[in-house]
Structures are given as structure tokens and as C-alpha cells.
Amino acid sequence: MLRLILPVAGILLLSPGIAAGGVSFVDAFDVPAGAGYVGSETCLDCHDDVGEFYANSPHSPDRGLAIPGTGIAGCEACHGPGSLHVEEDGDGFIIGPEILAGQGQGVKVAMCTQCHTDKGLEWTGGPHAGTDISCANCHTDQVHFAGGVTPVSDFRNKGEFCLQCHPAQVTDFRLPFRHRVLEGQIDCQDCHNPHADFDQTAWNGMNGVCLECHVEMEGPFVYEHEGVASEDCITCHRPHGSNHDKLLITESNSMCLQCHFEQGFNAGDGWTLGGRGHGGLLSDEARCFDCHTEVHGSNTDPNFKDQ
Ligand code: HEC
Ligand code: HEC
Ligand code: HEC
Ligand code: HEC
Ligand code: HEC
Ligand code: HEC
Ligand code: HEC
Ligand code: HEC
Ligand code: HEC
Ligand code: HEC
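Residues numbered from 1 in each chain as written. Chains lettered and ligands numbered in written order. Predicted model: local features only at pLDDT ≥ 70, side-chain atom pairs only at ≥ 80, totals over all residues. Heavy atoms only, no water.

Draft legend 1. Expanded view of the coordination of the iron atom of ligand 6. Here the iron atom of ligand 6 is held by the protein donor atoms His 192 (NE2) and His 240 (NE2), which lie 2.0 to 2.1 Å from it. Considering all six donor atoms around the iron atom of ligand 6, the spread of angles at the metal, 87 to 179°, places the coordination shape in the octahedral class. Placement of His 192 in the loop between helix 11 (188–191) and helix 12 (206–213) and of His 240 in the loop between helix 13 (226–229) and strand 3 (241–242) is noted, with a sequence separation of 48 residues between them. (Donors = N, O, S within 2.8 Å, 3.2 Å for Na, K, Ca; no water. Tetrahedral: all angles 85-135°; square planar, octahedral: opposite > 155°, others 65-115°. Helix = DSSP H or I, 4+ residues; strand = E, 2+ residues; numbered from the N terminus.)

Draft legend 2. Just the coordination of the iron atom of ligand 4, in detail. Listed as protein donors to the iron atom of ligand 4 are His 139 (NE2) and His 195 (NE2); their distances from the metal cover 2.0 Å. When its relative accessible area of 22% is taken as the criterion, His 139 is described as partly exposed. (Buried < 20%, exposed > 50% of the residue type's maximum accessible area, 1.4 Å probe, protein only.)

Draft legend 3. The side chain of His 85, seen in detail. Secondary-structure assignment places His 85 in helix 4 (residues 83–87). Among the residues examined, His 85 registers a relative accessible area of 15% and is labelled buried. A distance of 3.4 Å separates a polar side-chain atom of His 85 from the backbone oxygen of Gly 92. When neighbours within four sequence positions are excluded, His 85 is seen to be in contact with His 47, Gly 90, Asp 91, Gly 92, Phe 93 and Ile 94. (Polar contact = N/O pair within 3.5 Å; in protein donor to acceptor, adjacent residues only side chain to side chain. Contact = heavy atoms within 4.5 Å.)

Draft legend 4. How the structure looks around the environment of Thr 124. By the secondary structure assignment, Thr 124 is in the loop between helix 7 (117–123) and helix 8 (135–138). Sequence-wise, Thr 124 and Gly 106 are 18 residues apart; in three dimensions their C-alpha atoms are separated by 9.9 Å.

Draft legend 5. The arrangement of the site of ligand 1 in detail. The local shell around ligand 1 holds 18 residues, among which Cys 43, Cys 46, His 47, His 85 and Glu 98 are the closest. Within the backbone of Pro 97, one N or O atom sits 3.2 Å away from an oxygen atom of ligand 1. Backbone polar atom of Glu 98 to an oxygen atom of ligand 1: 2.9 Å apart, as the coordinates give it. Elements supplying a minimum of two residues to the shell around ligand 1: helix 1 (40–46), helix 3 (75–79), helix 4 and helix 5 (97–100). Grouping the constituent residues of the shell around ligand 1 by class yields eight nonpolar, seven polar and three charged. (Near = heavy atom within 4 Å. Nonpolar A, V, L, I, M, F, W, Y, C, P; charged D, E, K, R; others polar.)

Draft legend 6. Molecular detail of the nonpolar core. Ranked by internal contacts, the top residues of the largest apolar core, which has 13 residues, are Phe 25, Phe 29, Ile 95, Leu 100 and Met 111. The leading source of residues in this core is helix 6 (residues 105–113), at five residues. Excluding its chain neighbours within four sequence positions, the residues that come into contact with Met 111 are Phe 25, Cys 78 and Leu 100. (Core = buried A, V, L, I, M, F, W, Y, C linked by side-chain atoms within 4.5 Å.)

Draft legend 7. Highlighting unusual backbone geometry. Note the cis peptide between Gly 219 and Pro 220, where omega equals 0°. Within the secondary structure, Pro 220 is located in the loop between helix 12 and strand 2 (223–224). Phi angles above zero are rare outside glycine, and Lys 158 is one such case at about 60°. Inspection of the secondary structure assignment puts Lys 158 in the loop between helix 9 (140–143) and helix 10 (160–163). The backbone phi angle of Leu 247 is positive, close to 55°, even though this residue is not glycine.

Draft legend 8. Layout of helix 12. Every buried residue belonging to helix 12 is among Met 206, Asn 207, Gly 208, Val 209 and Leu 211, and all of these are buried. Structurally, helix 12 contributes buried residues whose contacts are with helix 11 and helix 13.

Draft legend 9. Geometry of the side chain of Gln 114. Note on placement: Gln 114 falls in the loop between helix 6 and helix 7. By relative accessible area, Gln 114 is classed as buried at 6%. There is a polar contact of 2.8 Å between the side chain of Gln 114 and the backbone oxygen of Met 111.

None of this, on its own, says anything about what the molecule does.
So this is what it looks like as C-alpha cells:
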């Protein structure tokens, strides 16, 4: 069985300011000679509106959170050294929206992964790596200026958080058979880690996610079905929603025949599957899993029938 083992955050020795992937946040910019750190108190002399909002944020300057291994804290942990900006009454060098607009995703993510190293390690395996989306697009509140801080726990809100950017997926969750995301029974984040798609620490990638809830499909079974044990659940299921009961991709036997098509099959009465004539068995348009009910594996029957 395949196990993906990721390095645990903290074991990798990253130099201060260097995020996973080797991007150094401040070094990515042309910082003018002479720019130094002045501390958040100075920033708040002019940006008192920011400070007021910031008091409620996890990154509030009052908490003195510093980039590990450095004394760099508060506003300047994200905005870089501010002395020239201050000396020139707000005209001098500062890393803000203007400069950031010209930067790629890697640099924007590195602003945050200077401290959130675990997220930096996960990120490249995630669904949003290589897109235009970086940390601050989703965490506007924690970053500031959203007018109030929504705790990340509130991002579990019947899929609304994700659907604001993924409206096309709504239709999946309105199909007759579906995971009840819009009804609040489970959430997008139960299956998708926004920072790293599927739980990469669980066995078998995606299936590990499904098996966290559907434990009865995990086995071990005396008779494993290779078609389940060594394939993804989505070989047969549509995970968001489906027109077919049990979220099946189709109710027709083509689901099973994608693997069980054999030469002897479909040759009159001699239809064989694995050496067993099925001509008579399939005559009433029976579905394979009407007889082979224990399709995920069985403890009693090598052919997955329920007696
Ligand atoms: C002397 C007043 C003053 C001080 C002190 C000051 N700023 Fe500013 N800052 C300004 C002004 C003025 C602007 C331009 C505002 C605007 O364009 O609306 C500005 C703009 C900014 C911007 C936006 C830049 C952009 O790309 O548009 C950031 C970020 C910023 N300041 C951060 C800081 C930080 C961090 C500190 C502390 C190191 C700081 N400021 C200290 C006056 C100040
Ligand atoms: C956790 C990182 C982080 C911290 C800490 C932080 N900022 Fe920012 N700030 C950002 C990001 C990211 C943006 C750009 C937002 C955008 O592009 O819309 C920004 C934008 C700004 C702007 C420009 C606003 C605008 O809309 O033009 C100002 C001014 C600013 N920050 C000041 C501060 C001050 C002052 C502090 C400290 C009290 C501070 N920031 C702390 C990440 C941070
Ligand atoms: C100077 C280090 C530092 C930087 C830079 C930083 N963070 Fe944080 N952040 C922290 C720490 C430490 C906490 C945990 C605060 C606590 O214990 O409550 C935190 C908390 C958070 C939380 C809230 C977690 C929760 O459980 O509620 C989010 C979201 C977050 N950061 C996102 C970001 C984003 C996005 C950026 C970049 C724009 C960023 N951080 C940059 C240190 C940092
Ligand atoms: C596509 C949107 C999205 C992006 C991009 C994103 N996050 Fe998150 N983040 C979330 C959601 C949603 C949660 C809440 C997860 C949950 O419900 O279990 C979260 C939770 C967090 C938390 C607190 C819980 C935890 O897992 O530690 C931190 C810290 C955090 N994010 C930091 C970051 C950083 C740093 C980045 C960039 C490397 C980032 N996020 C990029 C959506 C996003
Ligand atoms: C701020 C907008 C935004 C938010 C919020 C957001 N995403 Fe995305 N997401 C994108 C963009 C842009 C892409 C890349 C383009 C695309 O495939 O749609 C993407 C890609 C993805 C992909 C990969 C799609 C593929 O075809 O491989 C998945 C999966 C995904 N997002 C899931 C989520 C989940 C789950 C959430 C909520 C935790 C979320 N996203 C929140 C903007 C966002
Ligand atoms: C039951 C688990 C599960 C839930 C809940 C779930 N997803 Fe997915 N999602 C998956 C799997 C598995 C795939 C991969 C499907 C494939 O490759 O065929 C996927 C694929 C995607 C994709 C890629 C495009 C596509 O449709 O195949 C996007 C975008 C996405 N999901 C967004 C979301 C959003 C947004 C939510 C919540 C509203 C959500 N997902 C809820 C399991 C889930
Ligand atoms: C967070 C828990 C959770 C995760 C993760 C999860 N599911 Fe589900 N699943 C449920 C719940 C709850 C139901 C609804 C059960 C009910 O209503 O009886 C369900 C229903 C189903 C059904 C239909 C069962 C029926 O009786 O109609 C299938 C098939 C299914 N899930 C497959 C998957 C697959 C495949 C994955 C991984 C991509 C997955 N699930 C991930 C919780 C989960
Ligand atoms: C080879 C195709 C196939 C694969 C692969 C597969 N399933 Fe199924 N699954 C089925 C069929 C067919 C049914 C419907 C059985 C029935 O109705 O008797 C089903 C039913 C289910 C049900 C509903 C069970 C019930 O008793 O109502 C769940 C939950 C489920 N599957 C989860 C999973 C998970 C999780 C995985 C991955 C580990 C998976 N399936 C892989 C074919 C498959
Ligand atoms: C992804 C491929 C795949 C799919 C889809 C699949 N199977 Fe299988 N199945 C296998 C493999 C591989 C074996 C191992 C036995 C062999 O063929 O030698 C197997 C074995 C079996 C066996 C036991 C026979 C034996 O020789 O051990 C039965 C019965 C069976 N499958 C029924 C089904 C049914 C019913 C479906 C549809 C619900 C299905 N299979 C879908 C790949 C698949
Ligand atoms: C009406 C019931 C029925 C239906 C429908 C049915 N089977 Fe079977 N299948 C059986 C029986 C009975 C056996 C023999 C089991 C035994 O000898 O214990 C069998 C055996 C098998 C075997 C194993 C043969 C061997 O011994 O190596 C495979 C593979 C198989 N079926 C696949 C399928 C597939 C794929 C479908 C759908 C196209 C299907 N079956 C539909 C009843 C059925």
C-alpha cells in the first residue's frame, strides 16, 4: 500500500525569511540600500485606521509575532523595512499593493510562509498552486481591511466560502444524489484541504480522505477487490453528486466492464467473465452489483456475492 510521507514542518532547516521552494520574501524585491526596520509603533503614527482594525487580528502588532529566527515583527514582517517610507512621509520604499501587483504567486505566498512554514511545505501539492490565488486572497480578514475579522472556523459555511470563486460546482451539489454540502452536513474542506489537495499524509491519497468517514469500505477483507483496493473511489463514484443512486458514475454495467471486458464476453450464450458463463445471468438486464453486492470486498465470498 502506498504511503506518502511528508517531512514534518520544523525538521527542515529553513533560513529565516526563506520560504519552502527557496523564495526569500524580502530578497525578491529591490530593497534600496539604507532601508531599515523602525517598528510598528512608528507605522501606527500615520496608519492609525489600520491599527484599530488590526487590534482584532491574529497578527496584531501588540502580539509582537516575529519571523522565526529574526526580530522582525508586526507590520514590517509583511511590508518589509519601512525607514525610507517613513522618512519620505509615505513616498519611499514599502512593500505594498503597488509593488506586489507586479509579483507572481510565489512571492505573495512567501510573505506568509516566512512564518507559516507548514503551509509553505503543503502548498505546491495544493489545488491553488500555480493559479492567481495566494494566501491573502482567501485570508483577507486576517491580512486586514475587510472591516472585521472572520475566524477561519467560519469558513465552514455550507460551501459558501469556496463557492464564491467556484460557482460552477453548485450544480453538482444540487443533483438528486449528492454529498449534502449545501445542507451543511459536510463541507468542501472535509475533502479538500485548501492548502494541499487531499490529505497527503493519509494512505492512498484521495481514498484516504473518503475512508476517514466511510470506514466500512477500508477493510481489510479476506477477499479484496483489486478494482477497489488499488484504484480510486472515483473510478465508480462521482464525489460531488450524481444522477445515480450511491453517487455512481453510471448504473449501467459499463462501470464494471471498464475493467472486466473480456474476449469471451458478448459472444452469445458463452458470455464469460473470469471463466464463468454469464449469458443467462445477464439476460434480464441485471446489473453486476445486483449479484456481486459486496463490491468493495468480502469476508465470505471470493466473488463478492453476499452469501
Ligand atoms: C509619516 C506618515 C507615515 C508613516 C510613519 C508610515 N506611512 Fe505608510 N503610507 C503613508 C502614506 C501617506 C501612504 C500613501 C497613502 C495612500 O496612497 O493612500 C502610505 C502608504 C503605505 C502603504 C501602501 C503602499 C502601496 O503599495 O500602495 C503601505 C503598505 C504602508 N504605507 C505601510 C507602512 C508601514 C509598514 C509603516 C511602518 C514601517 C508605515 N507605512 C509608516 C504614510 C506613512
Ligand atoms: C500578515 C501580513 C501583514 C501584516 C502583519 C500587515 N499587513 Fe498591511 N498589507 C498586507 C497585504 C497582503 C496587503 C495588500 C492587500 C491587497 O493587495 O489588497 C497590505 C496592504 C496594506 C496597506 C495598503 C492598503 C491599501 O488598500 O492600499 C497599508 C497602508 C498597510 N497594509 C499597512 C499596514 C500596517 C500599518 C500594518 C501594521 C499595523 C500592516 N499593514 C500589517 C499584509 C500585511
Ligand atoms: C510574523 C509571522 C507571521 C506572518 C508573516 C504571517 N503570519 Fe499568520 N499567523 C502568525 C501566527 C504566529 C499566528 C497564530 C496566532 C495565534 O496564536 O492566534 C497566525 C495566525 C494566522 C491565521 C489565523 C489562524 C487561525 O487559526 O485562526 C491566518 C488565517 C493567518 N495567520 C494567515 C496569514 C497570511 C495569509 C499571511 C500572509 C499575508 C500571514 N498569516 C503572515 C504568524 C504570521
Ligand atoms: C483558497 C483559499 C485559501 C488559500 C489560498 C489559503 N487558505 Fe488558509 N485557509 C482556508 C480555509 C478555508 C481555512 C479553514 C480550513 C478548515 O475549515 O478546516 C484556512 C485555514 C488557515 C489557517 C488556520 C488553520 C490551519 O490549517 O492552520 C492558517 C494559519 C492558514 N489558513 C494560512 C494560510 C496561508 C499561510 C496560506 C498561503 C500559503 C493560505 N492559508 C492560503 C483557505 C485558504
Ligand atoms: C478567491 C477565489 C477562490 C477561493 C475562495 C477558492 N478558490 Fe479554488 N481555485 C480558484 C482558482 C482561480 C483556481 C484555478 C482555476 C480553476 O481551476 O478554477 C482554483 C482551483 C481549485 C481547484 C483545482 C481545480 C482543478 O480543476 O484541478 C480545487 C479543487 C479548488 N480550487 C477547491 C477550492 C476549495 C475547496 C475552496 C474552499 C476551501 C476554494 N477552492 C476556494 C479560486 C478560488
Ligand atoms: C466528498 C468529498 C468532496 C467534497 C465534499 C467536495 N469535493 Fe470537490 N472534489 C472531490 C474529488 C474526489 C475531486 C476529484 C474529482 C475527479 O478528479 O474526477 C473533486 C474535484 C473538485 C474540483 C475540480 C473540478 C471538478 O469538478 O472535478 C473542484 C473545483 C472542486 N472539487 C471544488 C469543490 C467545492 C467548491 C466543494 C464544496 C462546495 C467541493 N469540491 C466539495 C471531492 C469532494
Ligand atoms: C466528512 C465525511 C465524509 C467524507 C470525507 C466523505 N463522505 Fe461520502 N458520505 C458522507 C455522508 C454523511 C453521506 C450521507 C450518508 C447518508 O445520508 O446516509 C455520504 C454518502 C456517500 C455515498 C452515498 C451513500 C448512500 O447511501 O447513498 C457515497 C457513494 C459516498 N459518500 C462516497 C464517498 C467518496 C467516494 C468520498 C471521497 C471522495 C467520500 N464519500 C467522502 C460523509 C463523507
Ligand atoms: C468498482 C467500483 C467501485 C469502487 C472503486 C468503489 N465503489 Fe463504492 N460502490 C460501488 C457500487 C456498485 C455501490 C452500490 C452497491 C449497491 O447499491 O449495492 C457502491 C456503494 C458505496 C457506498 C454506499 C454503501 C451503502 O451501503 O449504501 C459507499 C459509502 C461507497 N460505495 C463508498 C466507496 C468508497 C469510499 C470507495 C473507495 C475506497 C468506493 N466506494 C469505491 C462501486 C464502487
Ligand atoms: C478498475 C478496474 C475494475 C473495476 C472498475 C471493477 N473491477 Fe472487479 N476486479 C478487478 C480486478 C483487477 C480483479 C482481480 C481479479 C482478476 O480479474 O484477475 C477483480 C475481481 C473481481 C471479481 C472476483 C473475480 C476474481 O477472479 O477474483 C468480481 C466478482 C468482480 N471483480 C466484480 C466486479 C464488479 C461487479 C464490478 C462493478 C461494480 C467490478 N468488478 C469493477 C478490477 C476491476
Ligand atoms: C444474476 C447474477 C449475476 C450477475 C448479474 C452477474 N454475475 Fe458475475 N457471477 C455470478 C455468479 C453466480 C458467479 C459465479 C460465482 C461462484 O462460482 O461462486 C459469477 C462470477 C463472476 C466473476 C468471477 C468468475 C470466476 O470464477 O473467476 C466475475 C469476474 C464476474 N462474475 C463479473 C461480473 C460482471 C462484470 C457482471 C456484470 C457485467 C456480472 N458478473 C454480473 C452471478 C452474476
